[in-house]
Structure formats: C-alpha cells, structure tokens
Amino acid sequence: MDDGAHPDRPFESEDMEMLKKTLMASAIAAASLASINAQAQSQQTTPVRDNGFSYTYGQFGYDNWDYDNGPDVDVLSGEGSFALDEHLFLRGGASFYDGDYDSPGSDDVDGNRLYVGAGFHTPLQRGLDLVGTADVIRDDNDFNDEEWGYAVSGGLRHQTTEMLELSGGVLYEDIYDGNFGVYGQGLVNLNRAWDVGARVAFTDDSDNIGLFGRYNF
C-alpha cells in the first residue's frame, strides 16, 4: 500500500516501534518452532512416507491487515488448495478488503487481491511435515495502480494432538516493497471434513490476524 502521502513518525519513535515488532515476531517464531520441535522429538522417529495431512481443501475467512503508517483494513477471503501428488500442490485465493488510514480525516481504502501459486511438502518424521510455498500476487486498490508481486514461505506443519495442528515459519513478500516476516497457524480438526482455524503473520510493516473455516475434499 502506498502511504507516501501520510506523514511518517519521528525517527526515534519509528525505530523503537520496529525494534519492538522485530523482537515480538522473533519470540513468537522461536517459541512456536521450539514447541513443535520438542513435541516432535518425543514422537516416533521411524521413516514415514505420508503424514495424512490434507492439501486439498477450500476455505473462507476473515482477516485484519494493519499496516504501519498505512491502512487498517478488514478482509474477506476465499482460498483453496489441490494436491497433485504426495508432495506437490497448487493453491490460490481471492481477497476483498475495505478500511481506512489511521490519520484523522483520511480517505477510505478498498481493493482486492488475487494470488495463485504452488507448494511442496515432505514428511520429516511422524506427524511433522516440512512445507514450502511460492505465489504470484496481484493487488488492486483505489490508492494505487494495479500492482504485481510475489510471496514465498517455508515452515513446519505438526499434528500436535489428535484434534490440533500447529504450523509456523518464515515468509518474504515483495509487493509495493519487500517485507520479511513470520507466520503461525492453529487448526482444529472438528471431523474428517471440517476444520476451523486462526492465523497470524508479522512482517516488517504489517500485523495480520484472521479466522477461517475449512472443508477438506
């Protein structure tokens, strides 16, 4: 999002805010990955070909994207994934957002974002998958011309309990500008078909949080 028309915070304040976010994001990533690794270490380490995670599903959700010195928007999205084989899957989604800038008297902002991409997963041990994704993104809103970019991520997906899956990892997104970040997700398996979940992502210039429902095919 282009926030060049809005005044920046003083250097010291902005620098301190960035330091706080970096420390918070690093702590969350470290805690999540440490928890997943500790629980995985306690499980069997015999070779496994497939952990049985679903990579073919459709989901709908609500997210909030809060950008530093930029808009705070509410987002409705529909997403899907389709497994090609035991390791590869395709994915894509569409999001429609609406919100406003934090500064008083600023205009509303609304737009849409589409992405399409692919992913790779492989079991590391029982109940633990390594997962990587790469997406092409198109973003269009009423403050900027249509913009194309990409995002890549890598992390772990873990069957923490019989009903709970936890995921976490790192990401890089380059659209309007480049941003590193971390992400986390919790997924509750209601039954064989239906899941509900929550997700967060913290990058250099945004805090994102969301809830979603998923149907596994």
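By convention here, each chain's residues receive numbers from 1 onward along its written sequence. The predicted nature of this model means local features are confined to residues of pLDDT at least 70 and side-chain atom pairs, given and counted, to a pLDDT of 80 or more, with totals for whole chains, interfaces and linings taken over all residues. Heavy atoms from the whole structure form the basis of all side-chain values; hydrogens and water molecules are not counted.

**Student:** How should I be thinking about the sheet that holds strand S4 (residues 108-125) in this particular structure?
**Tutor:** Strand pairing in a sheet takes place through backbone hydrogen bonds and is either antiparallel or parallel in direction. For two strands to pair, DSSP has to find at least two bridges joining them. Note on conventions: DSSP H or I runs of at least 4 residues are helices, E runs of at least 2 residues are strands, and numbering of each starts at the N terminus. Strand order in this closed barrel of 10 strands is S1-S2-S3-S4-S5-S6-S7-S8-S9-S10, and the pairing throughout is antiparallel. Strand-to-strand, the axes of this sheet are offset by a mean angle of 20°, without reference to chain direction. Relative to strand S10 (residues 206-216), strand S9 (residues 194-203) is paired through 10 bridges, and the arrangement is antiparallel. In the sheet register, Ala198 faces S10, and the bridge partner there is Leu211. To obtain each axis, a line is fitted to C-alpha atoms, and for helices this fit is confined to the stretch in contact; angles are then taken between N-to-C directions over 0 to 180 degrees.

**Student:** Sorry, what's going on with the environment of Leu90 here?
**Tutor:** Among the secondary structure elements, Leu90 is positioned in strand S3 (residues 88-101). Separated by 27 residues in sequence, Leu90 and Gly117 have C-alpha atoms that sit 6.0 Å apart. Once residues within four sequence positions are removed from consideration, Leu90 is found in contact with Gly80, Ser81, Phe82, Leu84, Gly117 and Ala118. We call two residues in contact whenever any of their non-hydrogen atoms come within 4.5 Å of each other.

**Student:** How should I be thinking about the nonpolar core in this particular structure?
**Tutor:** As a rule of thumb, soluble globular proteins bury nonpolar side chains together. Membership of the largest hydrophobic core is limited to 6 residues, which are Trp65, Tyr67, Val73, Val75, Tyr97 and Val109. Breaking this core down by element, the ones donating at least two residues are strand S1 (57-67) and strand S2 (71-83). Residues contacting Val75, with those up to four places away along its chain left out, are Gly61, Tyr62, Asp63, Trp65, Ser95, Phe96 and Tyr97. Take the buried Ala, Val, Leu, Ile, Met, Phe, Trp, Tyr and Cys residues and link them wherever side-chain atoms come within 4.5 Å; each set so joined is a nonpolar core. Relative accessibility thresholds used throughout: buried, under 20% of the residue-type maximum; exposed, over 50%; partly exposed, between the two (1.4 Å probe, protein chains only).

**Student:** Got a minute to help me understand the pairing of S9 in this structure?
**Tutor:** Regular strands place their side chains on alternate faces of the sheet. Where strand S8 (residues 177-189) and S9 come together, 9 bridges link them in antiparallel fashion. If you follow Gly186 over to S9, its bridge partner there is Ala198. Here S8 hands over to S9 after 4 residues, the two strands then running antiparallel side by side. Joining the antiparallel neighbours S9 and S10 is a turn of 2 residues.

**Student:** When you look at the packing of aromatic side chains in this model, what are you seeing that I'm missing?
**Tutor:** We describe a pair of aromatic rings using the distance from one ring centre to the other and the angle between the two ring planes. Think of it this way: a Phe, Tyr or Trp ring, Trp meaning its six-membered ring, pairs with another when their centres are within 6.5 Å, and the plane angle makes it stacked under 30 degrees, edge-to-face over 60, tilted otherwise. Counted under the stated rule, the structure contains 6 aromatic pairs. Seen from their ring centres, Trp65 and Tyr97 are 5.6 Å apart, and the 50° between their planes marks the pair as tilted. With a gap of 32 residues between them, Trp65 in strand S1 and Tyr97 in strand S3 connect regions that are remote in the sequence. Assessed through its relative accessible area of 3%, Tyr97 is described here as buried. Plain terms: the ring middles of Trp194 and Tyr215 are 5.0 Å apart, the flat faces sit at 65° to each other, and that makes the pair edge-to-face. Linking Trp194 in strand S9 with Tyr215 in strand S10, this pair joins segments that are 21 residues apart in sequence. Linked through ring pairs, Tyr150, Tyr172 and Phe180 together constitute an aromatic cluster. Above the face of the Tyr57 ring, Arg214 is positioned so that its terminal group lies 3.7 Å from the ring centre. Any Lys NZ or Arg CZ found within 6 Å of a ring centre and within 35 degrees of that ring's normal is scored as a charge over the ring.

**Student:** How should I be thinking about a nonpolar patch on the surface in this particular structure?
**Tutor:** Two distance rules govern patches: like charges are joined within 9 Å, and nonpolar side chains (Val, Leu, Ile, Met, Phe, Trp, Tyr) within 5 Å, applied only to residues with over 30% relative accessible area and no salt bridge. Here the open area of atoms and residues is found with the Shrake-Rupley method and a 1.4 Å probe, where only the protein chains shown may cover a residue. For this document, the term salt bridge refers to a Lys or Arg side-chain nitrogen within 4 Å of an Asp or Glu carboxyl oxygen. Judged by side-chain polarity, Met163, Val188, Leu190, Trp194, Val196, Tyr215 and Phe217 come together as a nonpolar surface patch covering roughly 700 Å² of accessible area. By the secondary structure assignment, Leu190 is in the loop between S8 and S9.

**Student:** Help me understand the side chain of Thr133 in this model?
**Tutor:** Among the secondary structure elements, Thr133 is positioned in strand S5 (residues 128-141). Residue classification places Thr133 among the buried residues on the basis of a relative accessible area of 12%. Polar contacts, as used here, are pairs of N or O atoms within 3.5 Å; protein pairs need one atom able to donate a hydrogen and one able to accept it. Residues neighboring in sequence count only if both atoms are side-chain atoms. There is a polar contact of 2.6 Å between the side chain of Thr133 and the side chain of Ser153. When sequence neighbours within four positions are dropped, the list of residues in contact with Thr133 reads Phe89, Arg91, Ala118, Gly119, Ala151, Val152 and Ser153.

**Student:** Help me out: how do you make sense of the pattern of salt bridges in this one?
**Tutor:** Two side chains with opposite charge may pair up if their charged atoms get near one another. Within this structure, the stated rule accounts for 9 salt bridges. Residues Asp135 and Arg91 are paired through a salt bridge, measuring 2.7 Å at the closest nitrogen-oxygen approach. Note that Asp135 is positioned in strand S5 and Arg91 in strand S3, a separation of 44 residues in sequence. On the basis of relative accessible area, Asp135 is assigned to the buried category, the value being 8%. Residue Arg91 is classed as partly exposed on the basis of its relative accessible area of 22%. The residue Arg157 makes a salt bridge to Glu165 at a minimum N-O spacing of 2.8 Å. Accessibility expressed as a relative area gives 8% for Arg157, which makes it buried. The network of salt bridges with common partners includes Asp63, Glu79 and Arg199.

Keep in mind these values describe shape, not function.
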